[in-house]
Amino acid sequence: ERALVKFLSQEIDLRTLTLPGGQDPADFLMAQGADALRNLLTQSVEAWEYKYRLVVERYGLDSIDSRHRILQEMLEILLEVPAAEGAGLAAKWREREQIILGRLAQRLKVGEAFIRNRLQDLRQAKSLRGEAGRSFETPTTVRPTVSTTVAVPSQPSIPPLPKSPSRDEQAE
C-alpha cells in the first residue's frame, strides 16, 4: 500500500493479489501447484484498484461522509505522485491520472470537474506550503467555497394594519 505512490508515476502495471489464508506465495505454490497460482493471478487487481477497495471497505459507500473520506484519501495519494511537466513518463502519468480521476468520479458519483479542481487546489496548497518552507504545523485542508441560492416563495401582500393614534395624538 505504501509503495503505490512510487509506482503510479512509472510505466509499470503493478498488481496485487491476496492469497487464501494469507499464505506465503512459496507455501501456496508448494501446496496447490503452479496451475492454482496462475489461476489466482488472473484475479489480481491493479494496485490503485486494490487501494480503492481497501478504502471502501474501511469507510463504506453508504453516506456522504464515507464518500468524502474516500475521495480525500484517494486524492492524497495522487497528491504525493510527482506532477512533472514534459514528455516521456510525465506525459504518460498525466494520461494515467486522467483515467484514474474519471474512474474515481464515476464510482463515487461525484462530478469529474469537481475532483480535478479539488486535486488542483490540494496541489496549490502543497506548493504554497513548500515555498513558505517546512512548517511543523499540521497542514490545513483547503476547501472550495460553495454558495447556494434558495428561492423562497413570495408572501402575498398583507395590507398594513391601521395605525391607532397614540394618546398624545388623540389629545391634539
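> Describe unusual backbone geometry, listing the residues and the values that go with them.
Of note, Lys109 is a non-glycine position whose phi angle comes to about 60°, a positive value. Locating Lys109 in the fold gives a position in the loop between α6 (89–108) and α7 (112–131). Residue classification places Lys109 among the exposed positions, given a relative accessible area of 68%.

> Explain the pattern of salt bridges residue by residue, including any values.
Evaluation of the coordinates by the stated rule reveals ten salt bridges. Here Arg38 makes a salt bridge to Asp35, at a shortest N to O gap of 2.8 Å. In this pair, Arg38 and Asp35 both sit in helix α3 (residues 34–41), three residues apart, roughly one turn of the helix. The exposed category is assigned to Arg38, whose relative accessible area is 51%. A salt bridge links Arg103 to Glu46; its shortest N-O distance comes to 3.7 Å. Linking Arg103 in helix α6 with Glu46 in strand β2 (residues 45–46), this pair joins segments that are 57 residues apart in sequence. Within this structure, Glu49, Arg53 and Arg107 form a network of salt bridges that share partners.

> Could you give me a rundown of the nonpolar core, with the residues and numbers involved?
By size, the foremost hydrophobic cluster in this structure holds 24 residues, and its most contacted members are Leu8, Trp48, Met74, Leu75 and Leu78. When residues of this core are traced back to their parent elements, those giving at least two are α1 (4–8), α4 (47–59), α5 (64–80), α6 and α7. Top element by residues in this core is α5. It accounts for seven residues. Beyond its immediate stretch of four places on either side in the chain, Met74 contacts Trp48, Lys51, Tyr52, Val55 and Leu104.

> Describe the environment of Lys92, and please don't skip the residues or the numbers.
Tracing the sequence through the fold places Lys92 in helix α6. Relative accessible area serves as the criterion here: at 37%, Lys92 is assigned to the partly exposed category. Distance from Lys92 to Glu11, taken between C-alpha atoms, is 7.6 Å for residues 81 residues apart in sequence.

> Describe in detail the environment of Leu119, supporting the description with residues and values.
Looking at the secondary structure, you find Leu119 in helix α7. Residues Leu119 and Leu79, 40 residues apart in the sequence, show an inter-C-alpha distance of 7.1 Å. Setting aside residues up to four positions removed in sequence, Leu119 forms contacts with Leu75, Leu78, Leu79, Glu97 and Leu101.

> Give me the side chain of Lys51: which residues, what numbers.
Its location among the elements puts Lys51 in helix α4. With a relative accessible area of 7%, Lys51 lands in the buried category. At 3.0 Å, the side chain of Lys51 and the side chain of Glu73 are in polar contact.

Parameters and conventions
Residues numbered from 1 in each chain as written. Predicted model: local features only at pLDDT ≥ 70, side-chain atom pairs only at ≥ 80, totals over all residues. Heavy atoms only, no water. Helix = DSSP H or I, 4+ residues; strand = E, 2+ residues; numbered from the N terminus. Buried < 20%, exposed > 50% of the residue type's maximum accessible area, 1.4 Å probe, protein only. Salt bridge = Lys/Arg side-chain N within 4 Å of Asp/Glu carboxyl O. Core = buried A, V, L, I, M, F, W, Y, C linked by side-chain atoms within 4.5 Å. Contact = heavy atoms within 4.5 Å. Polar contact = N/O pair within 3.5 Å; in protein donor to acceptor, adjacent residues only side chain to side chain.

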